[in-house]
Amino acid sequence: MTSWIFQMTVMVLSTFISSSHGKRDKVLYCSACKAILDELNYSISQVDPKKTINVGSFRLNPDGTITDKKVPFARSETHLSELLDGVCNSMSDYALYVDPDTQHKQYRRFAPRSSGSSEDFPDFKNFQFDGPEASNNLKFACETLVEELEDDIISLLGQDEENVQEELCYRVSDYCEENSQPNDEL
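Residues numbered from 1 in each chain as written. Predicted model: local features only at pLDDT ≥ 70, side-chain atom pairs only at ≥ 80, totals over all residues. Heavy atoms only, no water.

Novice: Quick question: what am I supposed to make of the side chain of Ser76 here?
Specialist: Secondary-structure assignment places Ser76 in the loop between strand E2 (66-72) and helix H3 (77-86). Exposure remark for Ser76: the relative accessible area of 4% places this residue in the buried category. Within the local environment of Ser76, its side chain forms a polar contact with the backbone oxygen of Phe73, the two atoms lying 2.9 Å apart. (Helix = DSSP H or I, 4+ residues; strand = E, 2+ residues; numbered from the N terminus. Buried < 20%, exposed > 50% of the residue type's maximum accessible area, 1.4 Å probe, protein only. Polar contact = N/O pair within 3.5 Å; in protein donor to acceptor, adjacent residues only side chain to side chain.)

Here it is as structure tokens:
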């Protein structure tokens, strides 16, 4: 009797878990994936390319030497982990954008990255500002994706791959669909 109850409990829980994952908003999670990579790539580009970090074992070899190597700091696992810890804080700079021609929806960055930036402001008439709930939803989606895909994000960005966004958002996470304009700028 107890084994039957246990089996039924496991079956019901697995049904709820699989159905809760299936109900995720594809636009929200696809945009969050793209925004994560956009923010990380920007942060990586702001690091001095000459800056390096020692990685490897700091143990002494039998001959008294230490085997370590220097790698570029910007794409080191240490730096990427630090960036991932704070990447979702910038999701309040994004809002839902509706393309006027195709009616394609996605979250895009509307705020300039720095106060001294000469970057043009986007045309706000196509953005939908739905209050703090929308940015909270995007931040939650961001945090969920970072938690789920942290290892994949670090390995892809650490290798300096060409199509990180396509690989992570379209293949690994499967939140973005191939027919939804993959080359859109955030």
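Novice: What is the right way to read a nonpolar patch on the surface from this model?
Specialist: A cluster of nonpolar side chains, contributed by Phe58, Leu60 and Ile66, occupies part of the molecular surface with about 340 Å² of accessible area. Mapped onto the secondary structure, Phe58 falls in strand E1 (residues 52-60). (Patch = residues over 30% accessible without salt bridge, like charges linked within 9 Å, V, L, I, M, F, W, Y side chains within 5 Å. Areas by Shrake-Rupley, 256 points an atom, 1.4 Å probe, with all protein chains shown as cover. Salt bridge = Lys/Arg side-chain N within 4 Å of Asp/Glu carboxyl O.)

Novice: Which parts of the structure should I look at to understand the pairing of E1?
Specialist: Each regular strand displays side chains that alternate between the two surfaces of the sheet. Here six bridges tie E1 to E2, and the two strands are oriented antiparallel to one another. Directly across from Val55, in E2, lies its bridge partner Lys69. Between E1 and E2, which follow one another and run antiparallel, lie five residues, and Gly64 among them has a positive phi close to 90°. (Pairing = 2+ DSSP bridges.)

Novice: I keep staring at the packing of aromatic side chains and nothing clicks. Help me out?
Specialist: Here the distance between the centres and the angle between the planes together describe a pair of aromatic rings. A complete count under the given rule lists eight aromatic pairs for this structure. Ring geometry for Phe110 and Phe127: centres 6.3 Å apart, planes at 65°, overall edge-to-face. Residue Phe110 is found in the loop between strand E4 (105-109) and strand E5 (127-128), and its partner Phe127 is found in strand E5; the two are separated by 17 residues along the sequence. Under the relative-accessibility criterion, Phe110 is labelled buried at 18%. (Phe/Tyr/Trp six-rings, centres within 6.5 Å; stacked < 30°, edge-to-face > 60°.)

Novice: Looking at this model, I keep getting lost on the confidence of the model for the protein. Mind explaining?
Specialist: Reading predicted coordinates in detail is not appropriate for stretches of low pLDDT. For the protein, per-residue confidence averages 82 on the pLDDT scale, and residues scoring 70 or more make up 80% of the total. Confidence over residues 180-186 falls short of pLDDT 50; this stretch has 21 contacts with residues more than four positions distant or in other chains. (pLDDT = per-residue confidence, 0-100. Contact = heavy atoms within 4.5 Å.)

Novice: Where do I start with the nonpolar core in this structure?
Specialist: One finds Leu40, Leu145, Ile153 and Leu157 to be the most contacted residues of the largest nonpolar core, which totals 39 residues. Looking at this core, the elements that each hand over two or more residues are helix H2 (26-45), H3, strand E3 (94-98), helix H4 (132-158) and helix H5 (164-172). Ranked by the residues each element gives to this core, the list is headed by H4, at eleven residues. Once residues lying within four places of it in the same chain are set aside, the contact partners of Leu40 are Leu83, Leu84, Val87, Ile153 and Leu157. The next biggest cluster of nonpolar side chains, apart from the first, holds five residues, and it includes Ala95, Phe110, Ala111 and Phe127. (Core = buried A, V, L, I, M, F, W, Y, C linked by side-chain atoms within 4.5 Å.)

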